Amino acid sequence: MSITSEQLRAALADLNGRRDVRFEFDHADNCVIPKALLVPAEEDRIIKLTDGTREYLVDSQRVAWVEIGPPFAN
């Protein structure tokens, strides 16, 4: 079972720049996005998060799991 883009966008909707997100992907390294914000939906329908410096594009079909929490220790 995979997560649809719409389901993932809904799960990430409450990100407010004060929480970190960690993604674990199938067959890829994990990714931590510090102080993540969800970029509003655009015409391309790609899920994008930002830390204020970079944008991260997320392939919802490759997400194995997501952890949303307070800032993670470095």
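The structure this text deals with has already been given above.
Heads up: these notes are all about the structure in this document. Predicted, not measured: the structure shown is a model, and the values here were computed from it.

## Comments concerning the nonpolar core
By size, the foremost hydrophobic cluster in this structure holds 14 residues, and its most contacted members are Leu8, Leu12, Phe23, Leu49 and Val58. Per-element accounting of this core gives the leading share, 3 residues, to strand β1 (residues 20–25).

## Re the environment of leucine 12
Secondary-structure assignment places leucine 12 in helix α1 (residues 5–12). Overall, leucine 12 belongs to the buried group, its relative accessible area being 0%. Leucine 12 sits 54 residues away from valine 66 along the chain, and the two C-alpha atoms are 9.6 Å apart. With near-sequence residues (within four places) excluded, leucine 12 lies in contact with Phe23, Leu38, Ile47, Leu49, Val66 and Ile68.

## Here's the deal with the sheet that holds strand β6 (residues 63–69)
With respect to topology, 3 strands assemble into an open sheet ordered β2-β1-β6, the strand pairing being antiparallel. At either end of the open sheet lies a strand with only one pairing partner, and these are β2 (31–33) and β6. Averaged over neighbouring strand pairs, the angle between their axes works out to 15° when direction is ignored. In terms of strand pairing, β1 meets β6 through 6 bridges, oriented antiparallel. Its bridge partner lying in β6, glutamate 24 is registered against tryptophan 65. Across the sheet, α1 touches β1 and β6, and the angle it forms with β6 is around 15°.

Basis of the calculations
Residues numbered from 1 in each chain as written. Predicted model: local features only at pLDDT ≥ 70, side-chain atom pairs only at ≥ 80, totals over all residues. Heavy atoms only, no water. Core = buried A, V, L, I, M, F, W, Y, C linked by side-chain atoms within 4.5 Å. Buried < 20%, exposed > 50% of the residue type's maximum accessible area, 1.4 Å probe, protein only. Helix = DSSP H or I, 4+ residues; strand = E, 2+ residues; numbered from the N terminus. Contact = heavy atoms within 4.5 Å. Pairing = 2+ DSSP bridges. Axes fitted to C-alpha atoms, helices over the stretch in contact; angles between N-to-C directions.

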